[in-house]
Amino acid sequence: MNPQNPAKITKGYATGLIAAICIFVAALLIAGWGLIGLYMGEEPVSSTVSTMTAPALVAISLLLLAWVMWLQTVSLIKGAKPAWSLAIVVAGAAYLVWSFGGLIAGLSIQETWLSPFAFVMAVLWPLGLFLFWLLLWRKLYSGKGTPKWPWEDREEEERRGP
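A short tour of the structure in this document, coming up. Owing to the predicted nature of the structure, the values given are computational and were not obtained by experimental measurement.

### Focus: the overall build of the chain
Okay, so step 1: Scanning the chain from terminus to terminus reveals five helices and zero strands.
Okay, so step 2: Mapped from its N terminus to its C terminus, the chain presents α and β elements in the order α-α-α-α-α.
Okay, so step 3: Its C-alpha atoms give the chain a radius of gyration of 20 Å, clearly above 15 Å, the size a compact globule of 162 residues would have.
Okay, so step 4: In terms of principal-axis extent, the alpha carbons of the chain reach across some 70 × 35 × 20 Å.
Okay, so step 5: Taking all 162 residues of the chain together, 35% fall into the buried category.
Okay, so step 6: When contacts within the chain are restricted to residue pairs at least 6 apart in sequence, those whose partners lie at least 24 apart make up 81%.
Okay, so step 7: When the accessible surface of the chain is split by element, carbon and sulfur atoms take 69% of a total near 10000 Å².

Okay, structure coming up:
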């Protein structure tokens, strides 16, 4: 397909893609935080604040990422190009949500502004946005259907007959 005539995508496809990217980014965040915690010997939150502080801040950041991806879906469907500056905005927003939200919740400066865990969020959110753009562009403009395993083509040929 050409960029002037994008393929139609459903709300279900867009929602599923956004959810998959958010789950992928959250999984990478957990792995990244685990590796940093293992290497440095510390936790993302060592203060005596609520145990729901870190998950709530991460959830707010993920919701922000999902909202940006939804806006980009609408924009790309209308034929606009990706707003590359959004990658920087998303990174900054994730960092600021963690830092300001952490300060409001009672975390220390070392756990918020100076935390390597916040840096991991600031790196992964734009990565998720780039992956989202890549997958959505493939669906919109490539003209290719859903990828199939090699044996799925054989099954279709067998059903059609000789």
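And the narrative resumes.
### Focus: the packing of aromatic side chains
For any two aromatic rings, the description comes down to two numbers: the centre-to-centre distance and the angle of the planes.
Okay, so step 1: Tallied over the entire structure, the rule returns seven aromatic pairs.
Okay, so step 2: Ring geometry for F100 against W113: centres 5.0 Å apart, planes inclined by 90°, an arrangement best described as edge-to-face. Of this pair, F100 sits in helix 3 (residues 85–105) while W113 sits in the loop between helix 3 and helix 4 (116–141), and the two are 13 residues apart along the sequence.
Okay, so step 3: Judged by centre distance (5.5 Å) and plane angle (55°), the rings of F130 and W133 are tilted. With F130 and W133 both in helix 4, this residue pair falls three residues apart, about one helical turn.
Okay, so step 4: Joined through ring pairs, the aromatic side chains of W33, W98 and F117 make up one cluster.

### What to know about the nonpolar core
Nonpolar side chains tend to gather and get buried jointly when the protein is soluble and globular.
Okay, so step 1: One finds W125 and F132 to be the most contacted residues of the largest nonpolar core, which totals 35 residues.
Okay, so step 2: Of all elements in the fold, only helix 1 (11–40), helix 2 (53–77), helix 3 and helix 4 reach the threshold of two or more residues within this core.
Okay, so step 3: Looking at this core, the element that brings in the most residues is helix 4, giving twelve residues.
Okay, so step 4: Setting aside anything within four residues of it in sequence, one finds W125 in contact with V25, L29, V58, S61, L62, L65, V90 and A94.

Cut-offs and rules
- Position numbers for residues start from 1 in each chain and track the written sequence from start to end.
- The predicted nature of this model means local features are confined to residues of pLDDT at least 70 and side-chain atom pairs, given and counted, to a pLDDT of 80 or more, with totals for whole chains, interfaces and linings taken over all residues.
- Processing note: side-chain calculations cover all non-hydrogen atoms of the structure and skip hydrogens and water entirely.
- Every helix listed is a DSSP run of H or I at least four residues long, and every strand listed is a run of E at least two residues long, numbered separately from the N terminus.
- Two things to know: the radius of gyration comes from C-alpha atoms, and the globule rule equals 2.2 Å times the number of residues to the power 0.38.
- Under the scheme applied here, a residue whose accessible area is under 20% of the maximum for its type counts as buried, over 50% as exposed, and between as partly exposed, the area being computed with a 1.4 Å probe on protein chains only.
- In this analysis, two residues are considered to be in contact whenever any of their non-hydrogen atoms come within 4.5 Å of each other.
- Only the protein chains shown count as cover for residues, and the accessible areas themselves come from Shrake-Rupley with a 1.4 Å probe.
- Only Phe, Tyr and Trp rings are paired, with Trp represented by its six-membered ring, and only when their centres lie within 6.5 Å; those with planes under 30 degrees apart are stacked, over 60 edge-to-face, the remainder tilted.
- To define a nonpolar core, start from buried Ala, Val, Leu, Ile, Met, Phe, Trp, Tyr and Cys residues and group those joined through side-chain atoms within 4.5 Å.

Read these as layout, nothing more, since geometry by itself doesn't imply function.
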